[in-house]
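# Overview (structure and organization)
Listed below are the residues making up each chain.
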Amino acid sequence: MSVDSQGTASTAPPESEEGPGHRNLGLALVLISAAQLMVVLDGTVVNIALPHIQHDLGFTVSNLTWVVTAYAIAFGGLLLLGGRMGDLLGRRKVFMTGVLVFALASLLGGLAQTEWQMLAARSLQGLGAAAASPTALALITTTFPAGPPRNRAFAVYAAMSGAGAAVGLILGGALTEASWRWTMLINVPIGVLVAVLAPRFLGESKPQPGRFDLPGALTATLGLVGIVYGFAHKGQVADATTGTLNSWSSFGTWAPITAGVLLLCAFFLIESRSPHSLLPLHIVTSRTRGVSFLVMLAVGASMFAMFYFLSQFIQNVMEYSSIKAGVAFLPFSVGIVVAAQIASTLINRVDPRWISGVGGLLAASGIFLFSRLEHTSTYWHDLLPGVLLTSAGMGLLFVPLTLTAVSGVDAKNSGVGSAVLNTVQQVGGAVGIAVLGTVFANGYADKFTSLAAAGPQSGQPTSANGITLSQQIAQTAGQSAAFHVAVVMLLAAAVVTFVGLSIGHEDLATDGVAAPVA
């Protein structure tokens, strides 16, 4: 057992201040949750609208993926810097700025007329999200008193984080029926309203002394961007005629990943010697937080890939319309919210390892059911059970991991501690889609080749969206291979949670600076 050395025990919320932020905790939580939901769902809300964006703005097949990847790279790469800015400048101020930048970028994206305008807007959205998301989580820590009130607030926040991807698919389907531009423009009034009301209901944290660690910020940001870019490049098609993906030996794959790893090594070296470090190393070297971050990496990879593959399966194989495909994910949103509320109640009496460990097993069971889907599968009998199991598991995972990831972090570093949690989830999602996408592509190609060798494919039934029966069967085989890998990842995460997450539920009922952290 080890204890973070900074800070002493305190019975009051860290940096507690009498002010508007502490007079109405309910409205404060609504504002924080609305901003977090807006930021998280934007990672998936455009997925269903991509074909329409491609048609209107003239994207090529290979460039279209960057509509999603540009956001993920900017978001994941700048999160640490956004968290530190909140610590040094004031979290409410940075939160409001991030939300307004996000709203402005959404407006520009909704009005985009060319490829470069859309990609620039998506990158700017990622920048705004990187400022708003970690400060939103830190504002919960500094606004809500430790114990049940803060645990309930974290449960709502975790539910927004987990359900955001599913809600994004539902909204994406509904809004695309009118125009894909509304998948962007809907964020504008929400962002402006949150920014206007924030000074009335959110208290400002006291800016912490220190300076910006520019060398650390540069190496961390470029390192994360390099790794995410390299894996995203690996997941792209190199030859459209054969469907061949970029190889690991491709310069665009290994060079950014290698540079990213070297830059991150330089970052940790800089942080170990800097008096004003961007990331105090005790935040990631604590056993409890280290396990939380590692498990969240696997959870992010599995969940992002699950939404990606299932959204394609529902539309291409089950032949659902965009709006019907979005509604098909509604049980996931309901399930994860219910499970998160159950977890927030249990966390006051049960150690987090048991809640999140069981959650990992449930999520793995749900993903396993997805791996057994066939091209003839139905929604109610075959797909829905996996959706419910996975949503329950994710809800039980997110709440304890969100609490343990920031447990023991002293108040002045809560912003950057929150940013690490968001960073591993976003980077895990981007890398998960790229890696599992490669498994999917290999499985797809193998199955399609074997079907072609079995006999002529002309005259096969073709769906309304132009997908042949062979393609539907191949897609199902490819996603099954990817889901098998995701099951292994989640089972490994569950084992790591049971073995490594040793903090007790009693320690989560006190402010982090006094809590013993293994």
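Residues numbered from 1 in each chain as written. Predicted model: local features only at pLDDT ≥ 70, side-chain atom pairs only at ≥ 80, totals over all residues. Heavy atoms only, no water.

Let's shift gears to the overall build of the protein chain. Counting secondary structure elements, the protein chain contains 19 helices and 2 strands. For the protein chain, buried positions account for 58% of its 518 residues. Expressed as a percentage of contacts within the protein chain between residues at least 6 apart in sequence, the contacts between residues at least 24 apart total 84%. Carbon and sulfur atoms make up 68% of the accessible area of the protein chain, which amounts to about 19700 Å² in all. (Helix = DSSP H or I, 4+ residues; strand = E, 2+ residues; numbered from the N terminus. Buried < 20%, exposed > 50% of the residue type's maximum accessible area, 1.4 Å probe, protein only. Contact = heavy atoms within 4.5 Å. Areas by Shrake-Rupley, 256 points an atom, 1.4 Å probe, with all protein chains shown as cover.)

Further remarks concern the confidence of the model for the protein chain. Chain-level statistics for the protein chain give a pLDDT mean of 80 and a share of 84% at 70 or above. Counting contacts from residues 1–22, a segment whose pLDDT is below 50, to residues more than four positions away or on other chains yields 55 contacts. Here residues 510–518 is modelled with pLDDT under 50, and outside its nearest four sequence neighbours on either side it reaches 40 contacts, counting other chains as well. (pLDDT = per-residue confidence, 0-100.)

A word on the packing of aromatic side chains. Scanning the entire structure with this criterion turns up 12 aromatic pairs. Summarising the aromatic geometry, the rings of Phe 370 and Phe 483 are spaced 5.7 Å apart at their centres and angled 45 degrees between planes, so their arrangement reads as tilted. Highlighted residues: Phe 370 in helix α16 (residues 352–371) and Phe 483 in helix α19 (residues 469–500), separated in sequence by 113 residues. Of the two residues, Phe 370 and Phe 483, both sit in the buried class. Ring centres of Phe 440 and Tyr 444 lie 6.0 Å apart, and the angle between their planes is 45 degrees; this geometry places the pair in the tilted category. Here Phe 440 and its partner Tyr 444 are both found in helix α18 (residues 414–454), 4 residues apart, which amounts to about one turn of the helix. In this structure, Lys 324 packs its charged tip against the face of Tyr 320, placed 4.3 Å from the ring centre. (Phe/Tyr/Trp six-rings, centres within 6.5 Å; stacked < 30°, edge-to-face > 60°. Lys NZ or Arg CZ within 6 Å of the ring centre and 35° of its normal.)

On to the packing of helix α13 (residues 287–316) against α19, then. Packed helix pairs are specified by the crossing angle of their axes together with the interaxial distance, meaning the distance between the axes. At a minimum axis separation of 9 Å, α13 and α19 run at an interaxial angle of 160 degrees. Taken together, the axes of α13 and α19 lie roughly antiparallel to each other. Between α13 and α19 lies a crossing whose hand is left-handed. (Axes fitted to C-alpha atoms, helices over the stretch in contact; angles between N-to-C directions. Parallel < 35°, antiparallel > 145°, perpendicular 65-115°, else oblique. Left-handed = near helix turned anticlockwise from the far one by under 90°.)

Where a protein is soluble and globular, its nonpolar side chains tend to be buried together. One finds Phe 95, Met 306, Phe 370, Leu 383 and Met 394 to be the most contacted residues of the largest nonpolar core, which totals 103 residues. Discounting chain neighbours no more than four positions away, the residues touching Phe 370 are Met 306, Leu 310, Leu 383, Gly 386, Val 387, Thr 390, Gln 479 and Phe 483. (Core = buried A, V, L, I, M, F, W, Y, C linked by side-chain atoms within 4.5 Å.)

Quick look at a nonpolar patch on the surface now. Taken together, the side chains of Ile 323, Val 327, Leu 330, Val 334, Val 338 and Ile 342 make up a nonpolar region of the molecular surface, amounting to roughly 470 Å² of accessible area. The element contributing the most residues to the nonpolar patch is helix α15 (residues 330–346), with 4 residues. Its location among the elements puts Leu 330 in helix α15. (Patch = residues over 30% accessible without salt bridge, like charges linked within 9 Å, V, L, I, M, F, W, Y side chains within 5 Å. Salt bridge = Lys/Arg side-chain N within 4 Å of Asp/Glu carboxyl O.)

Here the focus is the layout of surface pockets. When its volume is computed, the second largest pocket comes out at roughly 560 Å³. Per element, the largest residue contribution to the lining of the second largest pocket is 9 residues, and it comes from α18. Partitioning the lining of the second largest pocket into residue classes produces 20 nonpolar, 4 polar and no charged. (1 Å grid on protein atoms, 1.4 Å probe; cavity = no way out; pocket = protein on both sides within 12 Å on 5 of 7 lines; lining within 4 Å. Points joined across faces, edges and corners; volume = space filled by probe spheres on them. Nonpolar A, V, L, I, M, F, W, Y, C, P; charged D, E, K, R; others polar.)

Residue position: Ile 367 is located in helix α16. When the C-alpha positions of Ile 367 and Ala 486 are compared, they lie 7.2 Å apart, and in sequence the two are 119 residues distant. With residues up to four places along the chain from it excluded, the contact list for Ile 367 reads Met 306, Thr 390, Phe 483, Ala 486, Val 487 and Leu 490.

The next subject is unusual backbone geometry. Although it is not a glycine, Glu 319 adopts a positive phi angle of roughly 65 degrees. Note on placement: Glu 319 falls in the loop between α13 and α14 (322–327).

Moving on to the side chain of Thr 253. Note that Thr 253 resides in helix α11 (residues 251–273). Residue Thr 253 is classed as buried on the basis of its relative accessible area, which comes to 0%. When near neighbours in sequence (up to four residues on either side) are disregarded, Thr 253 contacts Gly 230, His 233, Lys 234, Asn 246, Ser 247 and Trp 248.

As a further point, take the packing of helix α1 (residues 25–41) against helix α9 (residues 187–201). Across the interface, α1 lies against α9 with an axial gap of 10 Å and an inter-helix angle of 150 degrees. The orientation of α1 relative to α9 falls into the category roughly antiparallel. As α1 packs across α9, the resulting crossing turns out to be left-handed. Along the contact surface, α1 presents Leu 27, Ala 28, Leu 31, Ala 34, Ala 35 and Met 38, while α9 presents Asn 187, Ile 190, Gly 191, Val 194, Leu 197, Ala 198 and Phe 201. By residue class, the composition of the contact of α1 with α9 is 11 nonpolar, 2 polar and no charged.

Let us now look at the environment of Phe 268. Examined against the element boundaries, Phe 268 turns out to sit in helix α11. Looking at Phe 268, the relative accessible area reads 41%, which means it is partly exposed. Sequence separation of Phe 268 and Leu 279 is 11 residues, and the distance between their C-alpha atoms is 8.5 Å. Residues within four places of Phe 268 in sequence aside, it is in contact with Leu 279, Leu 281 and Val 284.

Among the structural elements, Thr 497 can be located in helix α19. In this structure Thr 497 comes out as buried when scored by relative accessible area, which is 1%. Those residues in contact with Thr 497, other than ones at most four positions away along the chain, are Val 291, Val 295, Arg 353, Ser 356 and Gly 357.

With that out of the way, let us pick up the environment of Ile 503. Among the secondary structure elements, Ile 503 is positioned in the segment after α19. Placed 96 residues apart in sequence, Ile 503 and Ser 407 show a C-alpha to C-alpha distance of 9.2 Å.

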